[in-house]
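Coordinate analysis (summary)
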Amino acid sequence: MKHFISFFSIVLFFISVFTAYGMEDEEYSPNLIPKPQKTTVTGGTFCLNPSTIIISDDPFNAEYLAGILNSSTGFGIETGNSDDKEMDNAIILTIDPDSSIPQEGYILSVTPEKVVAKSSTSKGSFYAIQTLLQLLPPSVYGTPTGYEQWEIPCIEIEDAPRFPYRGLMMDVSRTFFDLDYIYKFLDWMAYHKLNVFQWHITDDNGWRIEIKKYPELTEKGAWRGPDEVLPAAYGSGNKRYGGFYTQKEIREVIEYAAKRNIEIIPEIDMPGHSKAVISTYPHTGCDNETHFVSVNGEVKNVWCVGNEQNYKMLDDIIKEIASLFPSKVIHVGGDEVNMDNWKACSKCHALMEREGMEQEAELQNYFMRKVERIINKYGKTMAGWDEILDGGELDPGSIIYSWRSVAKPLQAVERGYRTVLQLSEYLYFDMKQSPAERGHNWAAIIPLEKVYSLDPIGTSDIPEDKENLVLGAQGALWAELLNKPARFSEYQYYPRTCALSEMVWTNQGSRNFKDFEERLEKTHFERLFHMGIAFRIEAPGVTYKENRLMVTLPYDWAVVRYTTDGSEPDCNSNIYTGDIVTFEPEKFKFATFYKDLFKSITVTADNIKPDYLKPETVIETSFGEQRSFPKSNVSDYDFDTYWRTERTGVAGDYVTYIFKEPVKCNKITVNTSIPNIDLYGVTDGYIEYTYDGKEWKKGDKMEDNAATLIPEKGKAIKGVKIVFTDSTDALCVALQDLRIE
Ligand code: ACM
Ligand code: ZN
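Please read these numbers as outputs of a predicted model, since none were measured by experiment.

1. Details of the overall build of the protein chain
Helices and strands together make up the secondary structure of the protein chain, namely 17 helices and 35 strands. Relative to the compact-globule value of 27 Å for 741 residues, the protein chain shows a C-alpha radius of gyration of 29 Å, a close match. Its C-alpha atoms give the protein chain principal-axis dimensions of about 90 × 80 × 45 Å. Each of the 741 residues in the protein chain was classed as buried or not, and the buried ones make up 56%. Contacts spanning at least 24 positions in sequence make up 71% of the contacts within the protein chain whose residues lie at least 6 apart. Of the roughly 30,500 Å² that the protein chain leaves accessible, carbon and sulfur atoms contribute 50%. Computing the positive centroid from 78 side-chain charges and the negative centroid from 111, the protein chain places the two 4 Å apart.

This is the structure we're talking about:
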């Protein structure tokens, strides 16, 4: 028995060390993300133990490191004072402001005796800590496992970031995120050496920051739903939805972030995207009678430029923001204004006449310049989306956030402005990661590799003498589609944020996607797991050929599970181990699992498409016609096109599909919402069906914007009707063709 135990513990030791370190191959690689600029593995290890001591010139950094190490190792490692810098069995973090190490850079040296990190600022020291954590087993981010060997490979690393601005943007207006999530989010950013959090804290669908002088902004403007000033939207349904942060809460978040070298830039979006303000204080909007619709489908969401009183209110708001946020930068949006509002407003019109303006874009410039002067008066710099340059020049110190195309960063720097890249086609994490996944697709489908492929200088052909005007880049998650499934925000941010982190940190010449992917798959996924992130994993590839279903595993370690009856695979489903022989491939569903805790999307064989019936169909409805997305789109059996109604849905509305000839079929699926983009569906309702065109029977309730009908055996269906039982939570309803099998 003794022999068995020692053999067993040796095996366990090797398994834990080898898997944690990605040491299956002879050549040791620490699989760091972002990849440091220069790494030399020197051989041997430093072994962390309960008497290891942390000595740091920055007391917070020492406590931070001890906190993480102690919660995973359970060692009770202590922090010492800075006189003990020659000690062995120590982690020594020195800061020498006179050294030539760049601001956020560090030199890390691990020998069997000790770990020494040198830097010129506490920021550099903080990043040495992040690298050190990644040199330990991935469970360093978690809680004690009881079997881990806490070894750090001996190594020399010299590192500093390529860009000073490495950010993420979070939209808390369309979906409200609580403080608990914000704190975790900041921790995850710090682990990836990201240093700017742009808090998109106001938009059409909710004002989320307390302003003491205008309490109604949060008393009313932070809430939507029945009887609120804002209508329900984005899955809030028929209940009150919302929330906001008090200034005290925000101050605490800022302090927490600052300790982790993260600057928080607030974004108060104006003059468009302002429905929350204008619904709360209607005099701030224009006096036009006609309601012009924004690209997000909103009306009455633009500040009136010609109402001089508005600048007093904006001054009051900006004054509070400026004193709350230590950041030098205040972001004021400036994007996607429907300027027809101004054209039709008497005050805006009068201002144009008075100032001799010819185009509405000049009004936008007038507005931005006035806001810019207020921001500058409070000692801050203005930032905004690239539209703020459309109507004229700004203060040369203002910062342009380029999003609309790869041409925008170049235009900004050529006009002498500093720019941050948040290019929609690379960095909008609300875009789908593959065609079958949840998300938008208007900018692009954005898989991991696409994020990684961006070079903030090269992609936009920035000339060498303007490179220093490119501050960096950030990923953005607009929050329309985050109401489900659970933790979808984490799925959208990770691992794309890992690719972003390396893109902004590591020099272009040292980056290689295949190499990044290998580090991610071998080790970093496991780090994300211990960090507590519900990250995305890739679905298996499935093909049907010669009566066999064949699966390609997306990762070496992937576990693929499947069902044989069309149901969703779960952690009890069969594990795929080899080709499956079947004559009914359409009944098989597959998904990749990570530790049986989270899974990929579910897929069927990619080369079998259901053959839907396409009977001639007439639509009868309580809705009117809409030109761009006409009603005829739901009877043409082109499943990519859809009908968008001219108004929101209300109780009593109906859409009836009548077949010219009754249809014999096994199943009819009634889908609403934009195809593959779960927006504008029928939230509350049910279906009815008829065999004879006269007598209607009640069918299933709408669930997740869809319902199915299984006709009685042998009976042909004459018609299907969607009956609305409550208001939908968008300004229109999207309907699709029936899928008849
Ligand atoms: C934006 O996507 N409207 C900046
Ligand atoms: Zn106006």
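From this point on, the discussion continues.
2. Some thoughts on the sheet that holds strand S29 (residues 668-671)
Pairing is antiparallel in the open sheet, where three strands are placed in the order S32-S29-S35. The two strands at the open ends of the sheet, each matched to only one other strand, are strand S32 (706-709) and strand S35 (739-740). Sheet topology places S29 next to S32; four bridges connect them, and they run antiparallel. Of the residues in S32, the one forming a bridge with Thr-669 is Thr-708.

3. Side note on the side chain of Ser-402
Of note, Ser-402 is situated in strand S16 (residues 399-402). Taking the relative accessible area as the measure of exposure, Ser-402 reaches 0% and is therefore buried. With sequence-adjacent residues up to four places away left out, Ser-402 is seen in contact with Asp-386, Lys-408, Pro-409, Thr-419, Val-420, Leu-421, Gln-422 and Leu-423.

4. Regarding the packing of aromatic side chains
What the rule picks out here adds up to 47 aromatic pairs. Between the aromatic rings of Tyr-127 and Trp-505, the centroid separation amounts to 5.3 Å while the plane-to-plane angle is 80 degrees, which identifies the pairing as edge-to-face. Taken together, the positions of Tyr-127 in helix H3 (residues 122-135) and Trp-505 in helix H16 (residues 496-505) put the pair 378 residues apart, joining distant regions of the chain. For Trp-505, a relative accessible area of 0% puts it in the buried group. Ring centres 5.3 Å apart and planes at 85 degrees place the aromatic pair Trp-557 and Tyr-594 in the edge-to-face group. With Trp-557 in the loop between strand S20 (548-552) and strand S21 (559-563) and Tyr-594 in strand S24 (residues 589-594), the pair connects residues that are 37 residues apart, well separated along the chain. The rings of Phe-176, Phe-177, Tyr-181, Phe-185, Trp-188, Phe-197, Trp-199, Tyr-245, Phe-429, Tyr-493 and Tyr-494 are connected pair by pair, giving a single aromatic cluster. Positioned above the aromatic ring of Phe-488 is the side chain of Arg-438, whose terminal nitrogen or guanidinium carbon lies 5.8 Å from the ring centre.

5. Some thoughts on the layout of surface pockets
In this structure, the second largest pocket occupies an estimated 1,200 Å³ of space. Its residues assigned to classes, the lining of the second largest pocket comprises 21 nonpolar, 17 polar and 12 charged.

6. Examining the coordination of the zinc ion (ligand 2)
Ligation of the zinc ion (ligand 2) by protein atoms is provided by Cys-286 (SG), Cys-304 (SG), Cys-345 (SG) and Cys-348 (SG), these donors lying 2.3 to 2.4 Å from the ion. Around the zinc ion (ligand 2) sit four donor atoms, and with donor-metal-donor angles ranging over 106 to 115 degrees the site reads as tetrahedral. Motif for the zinc ion (ligand 2), donor spacing along one chain: C-x17-C-x40-C-x2-C. Placement of the pair is Cys-304 in the loop between helix H7 (275-280) and helix H8 (309-324) and Cys-348 in helix H10 (residues 346-355), with a sequence separation of 44 residues. Assessed through its relative accessible area of 0%, Cys-304 is described here as buried. Take Cys-348: its relative accessible area is 0%, and that puts it in the buried class.

7. Considerations on the sheet that holds S20
Taking strand neighbours across the sheet as the criterion, the three strands line up as S19-S20-S23 in an open arrangement whose pairing is antiparallel. Edge positions in the sheet fall to strand S19 (541-545) and strand S23 (580-581), since each has one partner strand and no second. Relative to S23, S20 runs antiparallel, the two being bridged by two bridges. The residue of S23 that forms the bridge with Leu-549 is Ile-580.

8. Some thoughts on the nonpolar core
Core analysis: the biggest nonpolar cluster contains 165 residues, and Leu-69, Ile-182, Phe-197, Trp-199 and Ile-209 have the highest contact counts within it. In this view, Phe-197 contacts Leu-168, Met-170, Ile-182, Phe-185, Leu-186, Met-189, Ile-262, Glu-263, Ile-264 and Ile-265; residues no more than four positions away in its chain are not counted. By size, the runner-up hydrophobic cluster in this structure holds 29 residues, among which are Ile-619, Tyr-657, Ile-668 and Phe-724.

Rules used throughout
- Chains are numbered independently. Their residues run from 1 in the order of the written sequence.
- All chains are assigned letters beginning with A, and all ligands numbers beginning with 1, in the order in which they are written.
- Reporting in this predicted model follows two pLDDT cut-offs: at least 70 for local features of residues, and 80 or more for side-chain atom pairs to be given and counted; totals over whole chains, interfaces and linings ignore these cut-offs and use all residues.
- Hydrogens and waters are ignored; side-chain quantities use all the structure's heavy atoms.
- Where helices and strands are cited, they refer to DSSP runs of H or I of at least four residues and of E of at least two residues respectively, numbered from the N terminus.
- Each radius of gyration reported is based on C-alpha atoms, and the globular scaling rule is 2.2 Å times the count of residues to the power 0.38.
- Only protein chains enter the accessibility calculation, which uses a 1.4 Å probe. A residue is then buried if its area is under 20% of the maximum for its type, exposed if over 50%, and partly exposed in between.
- Every residue pair with non-hydrogen atoms within 4.5 Å of one another is taken to be in contact.
- Accessible areas in this description were obtained via Shrake-Rupley with a 1.4 Å probe; residue shielding takes into account the shown protein chains only.
- Charge counting treats Lys and Arg as positive and Asp and Glu as negative, with His and both chain ends excluded.
- The atom standing in for a charge is NZ when the residue is Lys, CZ when it is Arg, CG when it is Asp and CD when it is Glu.
- When DSSP finds at least two bridges between two strands, those strands are taken to pair.
- Aromatic rings from Phe, Tyr and Trp, taking only the six-membered ring of Trp, are treated as a pair when their centres fall within 6.5 Å; an angle between ring planes under 30 degrees marks them as stacked, one over 60 as edge-to-face, and anything in between as tilted.
- In our convention, an over-ring charge means Lys NZ or Arg CZ found within 6 Å of a ring centre and within 35 degrees of that ring's normal.
- Here the term cavity refers to a set of points on a 1 Å grid, laid over the protein atoms alone, in which a 1.4 Å probe fits but cannot get out; the term pocket refers to an open set having protein on both sides within 12 Å along at least five of seven lines, with lining residues being those that place an atom within 4 Å of a point.
- Grid points are joined across faces, edges and corners, and a volume is the space filled by probe spheres set on the points.
- Throughout, the ten residues Ala, Val, Leu, Ile, Met, Phe, Trp, Tyr, Cys and Pro are labelled nonpolar, Asp, Glu, Lys and Arg are labelled charged, and all others, Gly among them, are labelled polar.
- The rule for donors is simple: an N, O or S atom within 2.8 Å of the metal counts, and for Na, K and Ca the reach is 3.2 Å. Water is not among the atoms, so a site may look short of donors.
- Only two sets of limits are used to name each site, 85 to 135 degrees for every angle of a tetrahedral four-donor site, and over 155 degrees for opposite donors with all other angles from 65 to 115 for a square planar four-donor or octahedral six-donor site, with any other site named irregular.
- Throughout, nonpolar core names a set of buried Ala, Val, Leu, Ile, Met, Phe, Trp, Tyr and Cys residues whose side chains join them through atoms within 4.5 Å.

The values are spatial; any link to function lies outside them.
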